[in-house]
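Architecture at a glance
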Amino acid sequence: MAERRTLSRRTLIGAGIFGAVGIGAATAVGVGVANRGGGAGSAALQLSWLHSVQFGGSYIALDRGYWSEAGLDVSLLQGGPNAPVEPPVVSGQALVGVSAVDFAAAAVAEGATFKIIGAAMQNNPTVIASLPDNPVNEPGDLLGKRIGMALANVPALETLCTLNNIDVNEIEIVPTQYTAQPLTSGEVDCLLCWETDLPVAMEVQGVESVTMLMADFGFTLQSQTYIATEESLRDRRDEVVAMMAGEVRGWEEYRRDTDAAAALSVEMFPDAGLDLETQRLQAARQVPLMFSELTDEIGFGFWNDDVIASNIETLALLGQTVTPDLWDTSILEEVHGS
Amino acid sequence: MSAGATARIRRPITAARRDAAIGTVGVVIALVVWELAARALEGGFALAAPTAVVASIVDNAGLLGRALAATGTTALLGFVIGNGAAVALGALAAAWPRSERTITGLALIVVCLPLVATAPLLRVLLGQGDGPSIALAALSVYYTTLIPLLVGLRAVPSTWLDLVQVAGRGPLTALVTVRARASLPYLAAGLQIAAPAAFLGAMVGEFTGAERGLGVLTIRAARDLDVDLTWALATIAAVISMAAYGLIGIIARRLAGGEPPTILAAPRLGSGRGRLRATLVGAGSAVIAAIVLWWGGIVAFDITPFVARTPIDVIGIVTGTRDGGETRDALLGALAETAVFVVPGYLAGLLAGLALAILVVLVPGTTGAVMPIAIALRSVPIVTTVPLIVLLLGRGPVGAIAITAVMVFFPTLVACLHGLRRAPGQVLDVMKVYATPAWRVLLQARIPAMLPAFFAAARMGVPAAVLAVTAAEWLATGTGIGALMALSASLSDYDVLAGAVVIVTVISAVGYALVGAIETRVLARYAPEQSG
């Protein structure tokens, strides 16, 4: 009895060691293969956050075959709280990435060869959200208040204050992240967040809130911008054009029926835990941020020189020096046929 | 041995039943307190009542089931890979003792890597899919398995090894026939701690862009202010971790035949100076191995220079030749903020673990009530507990300290319990004959027997505390080195990221060595026979 047990243990341990070595080797091989990327005619779009109707236009493009019609097999790569967009685009794992002007500018300052080839959000979605009985309707209302925000966004708040002649030291900054709970529990008076995010969550939970769009007070910064490397723009130009053409069609379709876009998001990603009502509200709320008289005139994702000038101004206040070279209009010109 | 064996036979019949009864009562009381607290805090969106949690689980059964399957699979793969690696490294160290210090040194360096910074790098390295989650789960477990395993591989009466030698066999035979068997209870202890850790690691790995899983849903639920779902997710994670912990315990008892046996291992030979030299050589070779792997990895995987920083780059960052010391100063400033949380949290966690272990041993039957709560605390993901801890203790230092303490406390408790029960049976029998009071038995027999296990936990607690505090800073407070690492990843500041990884790793490793030095001194004085 004892002898047999020893034997089985010995076998077990031996098997364990060989198993570990084997799995290690398999993982290493798998890594190597994964890094090679896809073949011709296939390209990845790196999203900036978890799946939601925030990327509804892209889902429509995929679902209705706008990309496959053009011979491009697109995969959508999800982002997350600890998933930066820039590295996969630099390394070529993703052909195009959804970033923001300030992040793209920072990456360029660190040596990436990005160009901004389109801007899904013409205006910055950042708001100050507060409760109706203690509202923040204009920057002056911030004085003496406690604001909950990620410390990463402090430069944005400072810029808003500079633009509106307010002393940022009179605002108490409380570091919070990812949830509106500090506002609902009374820990802070207001939150710095996205118009389409925490205020929607509060509305669905029956908590009414007031939002002040920072873009209405001079904080001009494009968001959800499309980035690609100079090498991709040179060597894989047709694919980049096809990718952006699909995006434009998808988002125009999105605008026609945001409820359908919300339903599609919920249907396409059953494991993402999306709530249909939340998605509908979010889908409707982001339309004014994406479409304007300007985009009606020159097309989705596009801009003019004035927009670029104000973006550069805001970036300068944020401590980032950029030139109009960061933006490349040639892809959208090809897409819109101008 | 015979006294211990009789005790073991007697124990399950009465004690197990008593433990179960007390455990049931404890769980019921905890549930009632939980329900009342949730009702009292209603409207704050911080805590959901057990009834609401059950309702949410039922409502979202399909979604939660699929997420659990996804996270469970990655956690299990990580558990197997991480523990497999630990066993392989342990066996290598035992078969080739000269390599032991290099192996433990390298293993320590890897476990000290701050995951807030390494997680996005793993995504860059492993691409899409479950790679980062599996890797983080594996990284969360291998170290807490390797260290007890190495102790176990040594915990062999020297006469047995003499016997192998007399038979003309080498270290390999000794490993397979003697050491492997002796190490099984220690391996089991490591695997038990590993189960909740693997689950937590897999969930945090999902933050790097996984498509599905409990971690993904946790972020979603927190953002949607869906408190019921948030706590449903936490409950599932905790229950699964407890079940895995219990199951491994049962398997281990079957396979290994009970608690680790009592062995008075011979003290290690060698003078103080010789030992110091061996340590330095081991540490040096481990650092060299780490640098070879680091640099070799950049070359082998052809990692883009946009992200990759070589050891030379980091030397430039630290000495200030690269940017005039700007990055270094930012890092040191952030580290000073972090130190305020991590040191008290670490010490509080150690003390709490030790105190609870003593309580459990002194007051028989408390195991049933204490252990489930302790495991639950350890396995509930930080993202979920943070709002509650913050609500109870404020967003200031106390909250972050508490989060750190919780992460350190559980491994300490488990290790101390194992240690306290390792007091030699003969000694306890003698004390029993003389009717020695329980506190003296504790002070004179059990605590000295426990010291090595306590110090092992204290050493492993250093990287665990750093991990906890950086995660808390990243997810809740937004201050210190944890927030700086997350921010620099999104700003593509890979100089800061690389500098942070190296500095945090070095500090963790030095902290570990410091605890080790204290351990050597204390053991030499109070438990010389165990300072192996």
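Fair warning: this is a prediction, and the values are worked out from it, not measured in the lab. (Residues numbered from 1 in each chain as written. Chains lettered and ligands numbered in written order. Predicted model: local features only at pLDDT ≥ 70, side-chain atom pairs only at ≥ 80, totals over all residues.)

1. Considering the confidence of the model for chain A
Low pLDDT marks stretches whose predicted atomic positions should not be read closely. Defined as follows: The pLDDT score gives, residue by residue, the confidence of the prediction method on a 0 to 100 scale. Note that contacts rest on C-beta atoms placed from the backbone: two residues are in contact if these are within 7 Å.
Taken residue by residue, chain A gives an average pLDDT of 85. The fraction at 70 or more is 88%. Note on residues 1-39 of chain A: pLDDT under 50 across the span, and 37 contacts to partners over four residues away in sequence or across chains.

2. Considering helix α19 (residues 480-490) of chain B
What counts, and what does not: Our exposure labels follow a C-beta count within 10 Å of each residue's own C-beta, placed from the backbone: buried means 20 or more other C-beta atoms, exposed means 12 or fewer, and partly exposed covers the counts in between. Secondary structure follows DSSP: runs of H or I at least 4 residues long count as helices, runs of E at least 2 residues long count as strands, and numbering of each begins at the N terminus.
Within α19 of chain B, ten of the eleven residues are buried, which leaves it mostly tucked inside the rest of the structure. Looking only at α19 of chain B, the buried set comprises Gly 480, Ile 481, Gly 482, Ala 483, Leu 484, Met 485, Ala 486, Ser 488, Ala 489 and Ser 490 of chain B. Buried residues along α19 of chain B sit against α5 (101-109) of chain A together with α5 (115-126), α13 (326-362), α18 (438-477) and α20 (494-526) of chain B.

3. Quick word on the sheet that holds strand β3 (residues 96-99) of chain A
The strands that make up a sheet pair up through hydrogen bonds in the backbone, lying either parallel or antiparallel. Residues and elements named next belong to chain A. The cut-off we apply is this: Paired strands, in this sense, are two strands between which DSSP finds at least two bridges. For helices, the fitted line uses only the C-alpha atoms of the stretch in contact; every axis is such a line through C-alpha atoms, and the angle between N-to-C directions lies from 0 to 180 degrees.
The five strands are arranged β2-β1-β3-β10-β4 in an open sheet whose pairing can be described as mixed. Two strands in the sheet have a free side with no partner beyond their single neighbour: β2 (73-77) and β4 (114-121). Between one strand axis and the next, the sheet turns by 25° as a mean value, whatever way the strands run. Two strands pair when backbone bridges link them, and β3 and strand β10 (residues 223-229) are joined in this way by three bridges, in the antiparallel orientation. Note that in β10 the partner of Val 98 across the bridge is Tyr 226.

4. Section: the sheet that holds strand β6 (residues 146-149) of chain A
Residue and element names in this part refer to chain A. A sheet is described by the order of its strands in space; here five strands give the open sequence β7-β6-β8-β5-β9, paired in mixed fashion. Of all the strands in the sheet, the pair left with one neighbour each is β7 (172-175) and β9 (210-213). In this sheet, neighbouring strand axes are inclined to one another by 30° on average, regardless of whether the strands run parallel or antiparallel. As judged from the two bridges shared by β6 and strand β8 (residues 190-194), these two strands associate in the parallel manner. In the sheet register, Ile 147 faces β8, and the bridge partner there is Cys 190.

5. Points about the UniProt feature "domain: SsuA/THI5-like" (unreviewed entry) in chain A
The test is simple: UniProt positions are given in the numbering used here, feature names are shortened, and annotations may be inferred rather than shown by experiment.
Under the present numbering, the feature "domain: SsuA/THI5-like" (unreviewed entry) in UniProt falls on residues 54-257 of chain A. Along residues 54-257 of chain A the backbone is 36% helical and 23% strand, and the end-to-end C-alpha distance reaches 14 Å.

6. A short note on the interface of chain B and chain A
Operational definition: Residues are grouped as follows: nonpolar covers Ala, Val, Leu, Ile, Met, Phe, Trp, Tyr, Cys and Pro; charged covers Asp, Glu, Lys and Arg; every other residue, Gly included, is treated as polar.
Contact with chain B, which involves 62 residues of that partner, is made by 57 residues of chain A. Secondary structure elements with two or more residues in the side of chain B that touches chain A: α3 (61-95), α5, α8 (171-205), α9 (214-223), α15 (382-393), α18 and α19 of chain B. The biggest single contributor to the side of chain B that touches chain A is α3 of chain B, with ten residues. Here the residues of the side of chain B that touches chain A sort into 38 nonpolar, 14 polar and ten charged.

7. Quick look at unusual backbone geometry
Residues and elements named next belong to chain B. One non-glycine residue with positive phi stands out, namely Asp 302, at about 55°. If you trace the backbone, Asp 302 turns up in the loop between α11 (272-300) and α12 (311-319). Residue class for Asp 302 comes out exposed when judged on the 9 C-beta atoms lying within 10 Å of it. Here the phi dihedral of Ser 492 falls at roughly 60°; this positive angle occurs in a residue that is not glycine. If you trace the backbone, Ser 492 turns up in the loop between α19 and α20. When the 28 C-beta atoms within 10 Å are taken as the criterion, Ser 492 is described as buried.

8. Considering the domain arrangement of chain B
One frequently used descriptor of interface size is the decrease in accessible area upon assembly of the parts. Residues and elements named next belong to chain B. The line we're drawing: All domain edges in this entry derive from an automatic or database-based domain assignment.
Looking at chain B, the domain boundaries give domain 1 (46-263) and domain 2 (309-532). The C-alpha-based centres of domain 1 and domain 2 are spaced at 17 Å. Every contact between the two is made by 40 residues of domain 1 and, on the other side, 40 residues of domain 2. It is helix α10 (residues 227-256) that contributes the most residues to the side of domain 1 that touches domain 2, nine residues altogether. Taken together, the residues that form the side of domain 1 that touches domain 2 break down as 31 nonpolar, seven polar and two charged.

9. With respect to the environment of Ile 134 of chain B
Residues and elements named next belong to chain B. Among the structural elements, Ile 134 can be located in helix α6 (residues 131-154). With 29 C-beta atoms counted inside 10 Å, the residue Ile 134 sits in the buried group. Measuring from C-alpha to C-alpha, the distance between Ile 134 and Asp 429 comes to 47 Å, with 295 residues separating the pair along the chain. Ignoring any residue separated from it by four or fewer positions in sequence, one finds Ile 134 in contact with Thr 74, Leu 77, Gly 78 and Ile 81.

10. Considering the confidence of the model for chain B
All names here are of chain B. The predicted model of chain B has a mean per-residue pLDDT of 81, with 88% of residues at 70 or higher. Ignoring residues within four places in sequence, the model shows residues 1-11, a span with pLDDT below 50, making six contacts including any to other chains. Within the model, the stretch residues 262-270 combines pLDDT values under 50 with 19 contacts to residues more than four positions away or in other chains. This prediction of the complex comes with two scores: 0.81 for pTM and 0.78 for ipTM.

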